[in-house]
Every structure is written in structure tokens, then in C-alpha cells.
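# Observations on the model geometry
Spelled out from the first residue to the last, the chains are:
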Amino acid sequence: MEDLAQKTIEHATGLGAQFADLRIEDSQGTNIVVMDGKTKTVTARLSKGCGVRAFVGGAWGFSVTNDLSLKSLRLAAESAVRMAKVAESRAKIKFEIECGKAEHATEVYRCDERPGEISVEEKVGFVMDLDKSMKSINPKITSTNARYDDFEGIRIVANSFGTLLRTEDTWTLGACSAWAKDGEVIQRGHHSVGSVGGYELMRQEDSIAIGRTAAEQALRLLDSKPAPAGKFTCILDNVMTGLLAHEAFGHACEADAILQGASVLEGRIGEKVASDEISLIDDPRVEGSFGYFSYDWEGVPSSKHVLIENGILKGFLHNLETSSRMGIPPNGSARSENYGSPPIIRMSNTYIAGGDWDREELIRDTPDGLLIKGAQYGYVEPSKGQFMFKCDEAYEIVKGELGQRYRDASLSGVILEVLGHVSGLANDFKMTDPGYCGKHGQSARTTDGGPHMRIDEVVVGGLT
Amino acid sequence: MTLAYLSEETVKAVMRLGADECDVIVAQTNSISVEIERGSVKQASSSIDPGVGIRAISGGSSGFAFCTDHEPASIKKTAELAVSLAKSGTADTDFRGLPHPSKPKTISGLFDPKVADMTPDAGVEMISRVADVTGDDKRITSVMAGLGMSVCRVSLANSHGLVAEQELSSFDVFAEAVAHSNSTMFSGFDGSSSRRLDLSQLDSAGLSAREHAINGLRQTKIETGDYAIVVDPLAAGMILADAIGGGTNAEAVQRKRSYLTGKMGQMIGSESITIVDDPLLQWAVGSTSFDGEGTAARPTTLVDSGRLSSYLYDSYTAGKDSVESTGNSSRGGAVWSYRHPPSISTSNLVVKNGSSSMDEMIKESDGGVYLRVTFDHPNLATGEFSGLMMESYVIEDGALGPSIRQSTVGIGLIELLSRIDMIGRESKDYFGVRTPAFRISNARVAGSA
């Protein structure tokens, strides 16, 4: 594949591309879904193809083929160059891609047990056991979903700087959802584990326990009430702090949004954007995480990015284009969902660093408010400066004590205000559940994390 | 080799490998897209995506595998995998069989040859026009826009002798404008999806994005309280796609995961609300002549004058409830994918128009809120919705006032449907839902004032 990659890049530049790159992938994967004690579908994915990108003058052309013959790759290169020239003919903004360092490496992500070497029967057995572990907890668990996913792929990244990288990427993921019913009330709980790595992850105690965790959450929520609406002091747990780091600030730090004029953080490097104790980091190099990668999908070595340090905005996440246009070194934040999508700027493992408060002390120090736990999802519009995220459960805090349990609270905030309202960070930092981040129709595996964090004046959406 | 021949031959091969039943989708999708960033053409893309998806059934257990080409060696390996995976699953006596051949309706408006004939150059010209319209105001500081055109040929065959073919096209456009005034920033967006090349959508998407970006610059905060809410088709489409599309999914109902479980025949909304799943609409992006298992497509009334009247079924869930499939097994929306096993989904969800004009709804809602954009999903287990009002406006003096900063809305879905007391007379399509605006008499809003 490496030889094909180099010939294709040479063909693209020979046709007039000022810069060209490609991603060739050949991958396989498994997905097993068990519902209520029976397999719903056992799926195998066999996927291969190539996405070629060409740059001319200020515009990109991108072409995708599933056929990895040299003839087809040359045609894809021709199409990419033609697309770039068509786009460039009407491009009003002109720029160049700064010549970067040629990288040569073969990376094999750590994997003790290759998923492809584990029998499907064993994987099905694992998922069936997860499913059973939910049902067996309590008869009020009325429905269950257990899921297992794995991926093994070879990715070749090549570009006209001379970069040629081969990455052998493996990841596995397990997830459970449980529905509990009591009278007319139905509640759902969920939990997941996932990481770059092999099937060994599914043998760990944490993985075997995800069904129980999901079921216990669903049962807990049976006696919850709808969340109240209004402004509250909120203590976010590790999961929600991570989601806030990702949604409330991480996306606005993606330099493509800055160049699009679509981020409220444009022009604010060096400004105070958060309380003094806040440091926000995106780090693809966290070993054993779901968001791990060593080289990005443009062939740039990944690195730890400090986005906010002690409340001051320090930098953004970049790809080759944004770094060229903004005159700073690339920092390896370009990712593609697969060969069929062009690389765009993405987060990886995003977190807020821990503080000094003891978690219990932080709660005791809060006269009234809400403890917010677990994340369902979140989203942001950096151009409107607003974000929201939804929790699994919340607890009333009265005079420093936890009280009534609530469900489904949605928290909203303003990017430039929320981190200025932080009034306490606990010393219990941890990275949390694996997840997928969506952007421009592409999905990327990510992990978020942080400590318990107290924020004043959060708008909580509820039904009462 | 035609796609139909390939699908039929693959079915025979899968059955020879020992499957009890199977279906095979053979598809090829060709796409072109063009993007504008900060008013400048930024990227043009093309893709060719052929592939084969095979679902094999053994003892009621389903195995699915796909490959990303039409090569005999890949298909053979995929077929072997699908059969082997089916055999590794658990037996399922609820599976009553894949559909038998039926005659799909011949419907117009699935394929527009003009979409197939589009060139990247024409796409660049069109999206440049969208950008010009969107940015035509000095307060607009950035414009993003995109255009996507796809043509999908698909053949579906199964082991009962069913063979169905269709050609689908899709044309999508979106525009987003960012406006600045002093230190205030706001963005507006709009877009449309259709199976035909609808040039009128280019200007209307751009105009709407520009107007909303500018309208949002004037901002206010509101206090937490109960408000009448006029829901724009954009927000209505987002909420109803889940609330009705997800809530009536027979799989969720049978497994008691939906708030609509056990409510068949009961009133779940006001008498003015009728909602139909209609796959036969001309040029709508969810339209199809047969579903993802080959069942002939047909309209299904889900909510009839406020009463829950049907769930959405595929062959598996229909067999379990001993009813006919409603033809809602999906292989994707506008273009079909061979990469996923079929699953239950709406085609086009249609909310029946009412008689109110937008002016009337707004005038009747003085002191209330106009909700244009939310991207939140309801909790289908509890039947509760709580979400950010990403773009919303106060209603004052019979007109839309300033946009509301940082507020959320919360309401139970049955309360939401039951409190609809005015329905607009003009529909728009968003998120696969064709709906007019409607008014909810009362919902809880959390504000930041």
C-alpha cells in the first residue's frame, strides 16, 4: 500500500497540486448487539478505500474511491486535483500550505489480544453475560441492551512533504443500557468502557461491571423527579466536567472555527477567559484512552495542547491549513472518521486539570444547589457562544447535604462566561467514559475528564 | 453485470452456505459536494461508493456483513461471514420471516436526472450564489455554505424471490451567516433537502440564514417561568423526529422502552394533531417505493386527531405483534447505505396543516416565546423533553422581539402534544419531518435574567 500511496501523491503533484495527501485504509470490525437476552444482530465490517486530497491556491479537492488498484487511485488523484482547481477558480481567500517535515514511521497501537483472533462465539458470550448481568440485578429491569464493538485497521498516510506513515490501529468498546420500570415510570441507565487496545480490555473488571452500573443507575432513577428549572450553583461530577471542557470550550478552540469567523474566541489569545484555577488541556497522547493517537490523519505527530492555563487562553487546535494561515507550527489535531472523509480539526482527550478541594468539602461548602452526575450528550454553537449538555441524574444540595434525586437536567451556558463562574475544583481528577464526538458529519472517538467542579449561576432546564 | 443480477446471485450463494433466509443489498452511490468557508469556495469533493450488505438468518438469528466493492471474491468472503455470524448468534423464535415479494408502487419524484447530470463546476457556481446572497449585508462577517448532490442506485433481493430496484437522488443545501454588531455576535442558518434539483432553495436558504443572524443580534434575557411557545418548523422537526418517529418505533414499544408503550388508541395529543408517516411524497428525501426489506412503501397514520393509531413496524416487530409490516425498515434516508443492517425508521413524517397564519399565532402569544432552533433530543423512556433554546425570540406587541440569551425549555412530550392549540397552514421540511409551525399554550422555560 505504501508504494501505491507514493505513486498516487506523485501523480497528484504532477497534475498541479501544490500539496497533496491521502489516507488509505484497510480495516475490519465486529459489532454485536444483544437485546433482552438474544442477539439482535452480529455484524462484520470489511472496509477498504482511499481518500485523496489536493490543494491549489486556497482551495481543496477531495476524492474517494473504494478500489485500491493503482489505476483507480490515479483516477482519484486526477479527480481531487480537478476538484481543487474548480474550487480555486472561485476562491476569494488565497493562501499556501507551509512545507512541513516529512515523517516516516510505523506505529502499532498496543494490543495484547487482537480482536480478530478472538472467536465470534467468545465475543457473543461476553455480550450475553453483560446482558444477563443487568437483568439479574432486579426484576424491575424490564429491558436491556448490551453491545460490543471492535476495530482493527491499517492506515497509510502520505503527503507531498514526503511523509509516509503506517498505523495499525485497534480499539474495542463495550456498552450497556438498562431500562427499569415501576408502575408507569420507565427510566434508563447506561455505561460504557472503551479504549485503543485489544480484547484484553473486555476482560478487565471495569468492563465486566458495566451492565451492573447501567442497571443500578436505571433503578436509582425510578424514584427521581423531573429537574427544577432556573439558575443554580452546580457541582459537576468528573464526567460532566469533562463534557463541559469538551463542549463549552474545546470546540471553540478548534482553529478552523476561528478562521471561519465562527468562534467567540477569535482574537482572544492571551486574554483571561476563565477563573484563575482553570487549566484546560487536549492531549491525544494519554495512553490507554479512547481518544489516543500518535500521529494525526495529516501525518503530523500528536502532542499535548494546553488551551487554557490558569484562566488565560493560550492556544488553539490546528491542522496543516490553520497552522499555515495563522503562522504557527502544526500541532497534530486533524482527524478523519475514515478514508471517505477529509481530515478536520478534532479534539482527542479533553480535560480540566484538578484543584485542591476535597469533593465532600466542596459539597458541604455549598449552601444550596445541585450535584450533577453522568452525561447523556452535549452540543455547542461556537458562533452563538452557547452550549448545552444533559446529565443522567442530579441531586439537590441543601445546606451542604445531598437531598432529592432529579433526572434529565439540561445545563446551558455561555462560552465566555461559564468558566469565569467556577468557584471550586476538587482534587479527584479522572478521565471518564469513552465517547464519540460529532462534527461536520464525522464521528471521532474521544475521552473527556476532570475533577468535581463547582460553577455558580448555571441555567438548568427542567420541567418544574 | 447489473446490480439486480448481482443481488440475486448473492442471495443464491448465501443460501448455498446454509442460511435459512437472507437479504442482500447492492448499492452504488456517487456524490459531489462543495463548501464555502468565510465567503470563499474552500473545498470540492467527489466520491464513488459501491458496496454489498448481506443479512443472513439462521434459526431466527441475524448475521450481517458488508464489503466496500462489488468484486466476486469480496462478496464471497462477506457471504461466508454473514452466514457464520448468523450461526454464532442466539435462536430467536420471534423472527417470523423476511417479506415475500409484493408489488411496490411506482411513484414519481425519487430520482431527478438533473442531479445526476450536475458537475462540480455547476456546484461551485451555485454555492457561490448562495454565499453572495447570505453575505449581502455589512453586518454579516462570515458565511459558511454547502451543497451536496448524490445519486444512489440500489437493488435489494431476498431468499423469497423478492427483487426490487430503485434509483434515488438527493440535493442538499445549507447556509450559515455570522453577524457582528459592536461586541455582540450571532449566527443564523437554514437549509433544505430534496430529491430534486430545486434552485429556488438556494436563495431562500441564504436569505433566511442572513435574516436570522441579523435578527439575533438584538438580545435579551428572560426570567424563569411558564410561557406560551410558538414552535418554528425547524425546532418542531427536530423534536417530532424523535418524539413521534422514535416513540412509535415498534421495537422500543415492544421492549417497553418508549413512553408510548401501552398507549395505542389513547389520546396523546390535542384533537388538532394528525401525524402520518408518508414514504410516497414526491421529491421528499425520505420517499421510497419499497422499504429496506423490500416491503412496498405505504403511508401510515401514527396520530389521528390526537389519538395514537399505529406504531412503525419492520418484518421482525410486525411478526412479533402478528400485524403487517408498515414498511418502515430503513437502509438510510436520502441515499441508502449497504453498511448497516436495516432498522426501523420513519420515511417522511408529515404533520397535517392547521388553519392559523404565523401572524395569528404570534399575535395570540404576546409575552410568549418563539422557538426557532433546538438540537436536543427528548428522553423517550420518560417521555420528557428538556433542551436549550439555541435560537429563540420574545414575542412582544404582536411581533418577534429580541433573541433570548441562554434559556432552556422543559415539558413532557404528551403535554407538549396536548397543549398544541394553534397549527400553522404552511409546512416546511426539516430533519425528515414536514411540519407547519404550531403553538404550545404553556411550557416551563428556564431563563438567565
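All residue numbers here refer to positions counted from 1 along the written sequence of the relevant chain. To read the labels, note that chains go from A and ligands from 1, taken in the order they are written. Confidence filtering applies because this is a predicted model: local features only for residues at pLDDT of at least 70, side-chain atom pairs given and counted only at 80 or more, and all residues used for totals across whole chains, interfaces and linings. Based on all heavy atoms of the structure, the side-chain values leave hydrogens and waters out of the count.

## Observations regarding unusual backbone geometry
Most peptide bonds are trans, and most residues other than glycine sit at a negative phi. Residues and elements named next belong to chain B. The backbone phi angle of Ser-305 is positive, close to 50 degrees, even though this residue is not glycine. We count a stretch as a helix when DSSP gives it H or I for four or more residues in a row; a strand needs E for two or more, and each element gets its number in order from the N terminus. Secondary-structure assignment places Ser-305 in the loop between strand E10 (300–304) and strand E11 (307–308). Phi is positive for Asp-397, close to 50 degrees, though the residue is something other than glycine. Looking at where Asp-397 falls in the secondary structure, it is placed in the loop between strand E17 (391–396) and strand E18 (399–404).

## Brief notes about the domain arrangement of chain A
All names here are of chain A. Where each domain starts and ends comes from a domain assignment, either automatic or drawn from a database. By domain assignment, chain A separates into domain 1 (2–221) and domain 2 (225–461). Centre-to-centre, using C-alpha coordinates, domain 1 lies 23 Å away from domain 2. Two parts placed together each lose some accessible area under a 1.4 Å probe, and adding up what both lose gives the buried area. Each partner contributes to the roughly 3300 Å² buried at the junction of domain 1 and domain 2, and carbon and sulfur atoms together form 55% of this total. It is Arg-23, Arg-220 and Leu-221 that lose the most area in domain 1 upon contact with domain 2, and together they represent 15% of the buried surface on that side. Each salt bridge in this description consists of a side-chain nitrogen of Lys or Arg and a carboxyl oxygen of Asp or Glu lying within 4 Å of one another. Where domain 1 meets domain 2, there are 3 salt bridges. Taking the shortest distance from any N to any O, the salt bridge between Glu-298 and Arg-53 comes out at 2.7 Å. Those elements that place two or more of their residues in the side of domain 1 that touches domain 2 are strand E1 (19–35), strand E2 (38–56), strand E3 (59–65), strand E4 (104–108), strand E5 (141–159), strand E6 (164–182), strand E7 (185–196) and helix H5 (210–221). Examining the composition of the side of domain 1 that touches domain 2, we find that 8 residues originate from one element, E7, more than from any other. Partitioning the side of domain 1 that touches domain 2 into residue classes produces 18 nonpolar, 15 polar and 13 charged. Each residue gets one label: Ala, Val, Leu, Ile, Met, Phe, Trp, Tyr, Cys and Pro are nonpolar, Asp, Glu, Lys and Arg are charged, and the others, such as Gly, are polar.

## A closer look at the packing of aromatic side chains
Planes of paired rings set the category: under 30 degrees apart is stacked, over 60 is edge-to-face and the rest tilted, where pairs are Phe, Tyr or Trp rings (Trp by its six-membered ring) whose centres lie within 6.5 Å. Applying the stated criterion across every chain yields a total of 18 aromatic pairs over all chains. Relative to Trp-60 of chain A, the ring of Phe-19 of chain A lies with its centre 6.0 Å away and its plane at 90 degrees, an arrangement referred to as edge-to-face. With Phe-19 of chain A in strand E1 and Trp-60 of chain A in strand E3, this residue pair connects regions lying 41 residues apart in the sequence. Of the two residues examined, Phe-19 of chain A and Trp-60 of chain A, each falls in the buried class. Taking 5.5 Å as the distance between ring centres and 20 degrees as the angle between the ring planes, the aromatic pair formed by Phe-387 of chain A and Phe-389 of chain A counts as stacked. Comparing Phe-387 of chain A with Phe-389 of chain A, the two get one shared label, buried. Taken together through their ring pairs, the aromatic side chains of Phe-19, Phe-55, Trp-60, Phe-95 and Phe-161 of chain A make up a single cluster. The criterion for a charge sitting over a ring is simple: Lys NZ or Arg CZ within 6 Å of the ring centre, and within 35 degrees of the ring normal. The lysine or arginine in question, Lys-40 of chain A, covers the ring of Tyr-316 of chain B, its NZ or CZ lying 4.5 Å from the ring centre. When the ring centre of Trp-179 of chain A is taken as origin, the NZ or CZ atom of Arg-257 of chain B, which lies over that ring, is 3.9 Å away. Burial here depends on accessible area, computed with a 1.4 Å probe over protein chains only, as a share of the maximum for the residue type. Under 20% is buried, over 50% is exposed, and the range in between is partly exposed.

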